[in-house]
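# Examination of the molecular architecture
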Number of protein chains: 2
Amino acid sequence: MEKVVIIGSGNVATSLAHGLAARCEVVQIYSRQLPHAQALADAINCPLATDDLLALVPDADAYIVAVRDDVIADVVAAVPDNGALWLHTSGSKGIDLFKGHRAHYGVLWPMQSFSREMVVALDDVHFFAEASDEATLAHLMALGSMLSRHVIEADSDKRRRLHVASVFSCNFANHMWSLADEVLSEAELPFGALLPLIRTTVDKLDRLSPAQSQTGPAIRHDNQVIESHLAMLDGDKREIYRLLSDSIMNRNPLDDNAK
Amino acid sequence: MEKVVIIGSGNVATSLAHGLAARCEVVQIYSRQLPHAQALADAINCPLATDDLLALVPDADAYIVAVRDDVIADVVAAVPDNGALWLHTSGSKGIDLFKGHRAHYGVLWPMQSFSREMVVALDDVHFFAEASDEATLAHLMALGSMLSRHVIEADSDKRRRLHVASVFSCNFANHMWSLADEVLSEAELPFGALLPLIRTTVDKLDRLSPAQSQTGPAIRHDNQVIESHLAMLDGDKREIYRLLSDSIMNRNPLDDNAK
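Now for a look at the structure at hand. (Residues numbered from 1 in each chain as written. Chains lettered and ligands numbered in written order. Predicted model: local features only at pLDDT ≥ 70, side-chain atom pairs only at ≥ 80, totals over all residues. Heavy atoms only, no water.)

## Some words on the overall build of chain A
Per the secondary structure count, chain A includes eight helices and eight strands. For chain A, the spread of C-alpha atoms along the principal axes amounts to about 70 × 40 × 30 Å. Residue pairs at least 24 apart in sequence account for 50% of intrachain contacts in chain A once pairs closer than 6 positions are excluded. Charge separation in chain A, taken as the distance between the mean sites of 22 positive and 35 negative side-chain charges, equals 4 Å. (Helix = DSSP H or I, 4+ residues; strand = E, 2+ residues; numbered from the N terminus. Contact = heavy atoms within 4.5 Å. Lys, Arg positive; Asp, Glu negative; His and termini not counted. Charge placed at Lys NZ, Arg CZ, Asp CG, Glu CD.)

## What about the side chain of Ser31 of chain B?
Residue and element names in this part refer to chain B. Checked against the element boundaries, Ser31 lands in the loop between strand S2 (25-30) and helix H2 (34-43). A distance of 3.0 Å separates a polar atom in the side chain of Ser31 from the backbone nitrogen of Gln33. Setting aside its immediate chain neighbours within four residues, Ser31 contacts Ser9, His36, Ala37, Thr50 and Asp51. (Polar contact = N/O pair within 3.5 Å; in protein donor to acceptor, adjacent residues only side chain to side chain.)

## Considering helix H8 (residues 235-251) of chain A
Helix length check: H8 of chain A, at 17 residues, gives a terminal C-alpha distance of 26 Å against a target of 24 Å (1.5 Å per residue), a fit within 8%. For H8 of chain A, the full list of buried residues reads Asp236, Lys237, Ile240, Tyr241, Leu243, Leu244, Ser245, Ser247, Ile248 and Met249 of chain A. In this fold, the buried residues of H8 of chain A make contact with helix H5 (156-185) and helix H7 (223-232) of chain A together with helix H5 (156-185) and helix H8 (235-251) of chain B. (Expected span 1.5 Å × (residues − 1). Buried < 20%, exposed > 50% of the residue type's maximum accessible area, 1.4 Å probe, protein only.)

## Regarding the relation of the copies chain B and chain A
Least-squares fitting of chain B to chain A yields an RMSD of 0.0 Å, with the superposition described by an axial translation of 0.0 Å and a rotation of 180°. In short, the pair behaves as if placed about a two-fold rotation axis. Taking C-alpha positions as the reference, the residue of chain B nearest the rotation axis is Ala173 of chain B, at 2.2 Å. Here 100% of the interface residues in chain B have copies in chain A that are interface residues too; the copies meet face to matching face. (Least-squares fit on C-alpha atoms with pLDDT ≥ 70 in both.)

## Structural notes on unusual backbone geometry
All names here are of chain A. Its identity as a non-glycine residue notwithstanding, His221 has a phi of 50°, on the positive side. On the secondary structure map, His221 appears in the loop between helix H6 (195-203) and H7. Looking at His221, the relative accessible area reads 16%, which means it is buried.

## Some remarks on the nonpolar core
Counting 119 residues, the largest nonpolar core has Ile7, Phe168 and Met176 of chain A together with Ile7, Phe168 and Met176 of chain B as its most contacted members. Non-local contacts of Phe168 of chain B, meaning those with residues more than four positions away in its chain, are made with Met176, Leu179, Ala180, Leu233, Lys237, Ile240 and Tyr241 of chain A together with Ala173 of chain B. (Core = buried A, V, L, I, M, F, W, Y, C linked by side-chain atoms within 4.5 Å.)

## Quick look at the sheet that holds strand S8 (residues 150-153) of chain B
Residues and elements named next belong to chain B. In spatial order, the strands read S3-S2-S1-S4-S5-S6-S7-S8; together these eight strands make up an open sheet with mixed pairing. Two strands close off the open sheet at either side, each with one partner strand: strand S3 (49-50) and S8. The pairing of strand S5 (residues 85-88) with strand S6 (residues 104-110) spans four bridges and is parallel. Paired with Leu87 across the bridge in S6 is Gly106. Where helix H1 (residues 11-21) meets the sheet, its contacts fall on strand S1 (3-7), S2, strand S4 (62-65), S6 and strand S7 (126-131), and the angle it forms with S1 comes to roughly 165°. (Pairing = 2+ DSSP bridges. Axes fitted to C-alpha atoms, helices over the stretch in contact; angles between N-to-C directions.)

## Here we look at the state of the cysteines
One pass over the structure, following the stated rule, counts zero disulfides over all chains. Cysteine Cys46 of chain A remains unbridged, with the sulfur of Cys24 of chain A as its closest cysteine sulfur at 10 Å. No disulfide involves Cys170 of chain A; its sulfur sits 18 Å from the nearest other cysteine sulfur, which is in Cys170 of chain B. (Disulfide = S-S within 2.5 Å.)

## Things to note about the packing of aromatic side chains
Within this structure, the stated rule accounts for twelve aromatic pairs over all chains. Aromatic side chains Trp109 of chain B and Phe128 of chain B sit 6.0 Å apart centroid to centroid with 35° between the ring planes, which places their arrangement in the tilted category. Of this pair, Trp109 of chain B sits in strand S6 while Phe128 of chain B sits in strand S7, and the two are 19 residues apart along the sequence. Note on Trp109 of chain B: relative accessible area 5%, which makes it buried. Here Phe128 of chain B falls in the buried class, since its relative accessible area comes to 4%. Ring plane angle 90° and centroid distance 5.3 Å describe the contact between Phe168 of chain B and Phe172 of chain B, whose orientation is recorded as edge-to-face. Remark: Phe172 of chain B and Phe168 of chain B occur in helix H5; sequence separation between them is four residues, near one turn of the helix. The class for Phe172 of chain B is buried, based on a relative accessible area of 1%. Three or more aromatic residues joined by ring pairs make a cluster, and in this case those are Phe168 and Phe172 of chain A together with Tyr241 of chain B. Note that Arg102 of chain A overlies the ring of Trp86 of chain A, its terminal NZ or CZ placed 4.0 Å from the centroid. (Phe/Tyr/Trp six-rings, centres within 6.5 Å; stacked < 30°, edge-to-face > 60°. Lys NZ or Arg CZ within 6 Å of the ring centre and 35° of its normal.)

## As for the sheet that holds strand S4 (residues 62-65) of chain A
Residues and elements named next belong to chain A. Strand order in the open sheet formed by eight strands is S3-S2-S1-S4-S5-S6-S7-S8, with mixed pairing between adjacent strands. Only two strands of the sheet have a single neighbouring strand rather than two, namely strand S3 (49-50) and strand S8 (150-153). Across two bridges, strand S2 (residues 25-30) lies against S3 in parallel orientation. From the neighbouring strand, Ile29 faces S3, where its bridge partner is Ala49. Running over the sheet, helix H1 (residues 11-21) touches strand S1 (3-7), S2, S4, strand S6 (104-110) and strand S7 (126-131) and is turned about 165° from S1. Sitting on the sheet, H5 is in contact with S6 and S7, with an inclination near 25° to S6.

Laid out in structure tokens, this is it:
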């Protein structure tokens, strides 16, 4: 059975650990903070937790580095190569940060939004894979297939684009909902009233491209409504409303259609 | 049976016409463009279509003005009062534009995103109602109940806030998906790969507030990733990425949590 070490205990590491625990042997969890490593290890019945990179077990088949993007290279540099498969899970970091440090390496990026509060089922998540060589790619794809039905080869450039697109689609769309929540909270209106609207907006994407399904005052060039909304907003909400309305208007020159 | 005239043939008018046709008698459709009025009338088996406001039938029980926000007042001014219930369907226009022109009037705003390409089922849409007097409110609520199970009284201020919140939640979130589509198209990657991610992001809102479920490089203050994304973007996508990242960072001061 495949033996895996998970380096990290954050949002991504948590869902990967739960996903892998059912299909292979997770032998150790590392975190800079031992209680975090121990909590995740306990949650998936993994026998070892550590906060010492030099105490990693040497004989695992794969080492998954699921830590903040800006410390991946530090982790790799701190541990000598043991000939196993080493991979990171970042959508924005390249594969080259392993070069010269590892013989067999790769990237396995789950294009999904994770939060520590909720373990995400990974079966339908798209994983994008890249590896140092063909044999390692096969190993990486096999590991990915334990987690999801969608494991797709993608080089760093495609992965970067997918990551930027996911930031817009998920992080920034979610921030729009946070800003809406702020607007409603001021009048003690519940955010939940927006959920049917949000769901319908998403459902449209099954049939129409987002550009085709765009609605609202900006695409209608309805400046009266836009100005009245701007007058109700302050701080960065006003600036964001203005910039996004302009962005929509610029992509949709005025015609004389009615609402 | 309630007799209704629908003034307008656009996105909102189309879904309202289909929703009402099953429950009451839609006796006439008006549009500035006769072929549009005729097409919608034909679609719901309504006997009359017109492009002449002075040719509206005089004996309907309710007149629904579902036209561009900035021409509602023109429509109201162009037609003399006949004592029936007159209402508009705008989230941002007040009730006062009927004052002095009508005896019985109101607003019935469906908080939903409409497009002409797709008739929206209205049963779960939240409608917000306001009327000139108690008897008219009862009439308006009864009319709304023919369309939806969620008809809620809300004054103009609450309605304006709901409308602004819906612009953020729906129009601007959808624009984020358009921008993601642009980023992927440049590398011939399909937008559909993002749909599982988008659905999970929405599903989280059933359990967490949007602020609680925020993820991504901005909330992690991951400036390396943010800068690498900015370097890949141009035009207003770069400006939007910067502004929204700052907006998320400002609401989430840095701490030392790992990813």
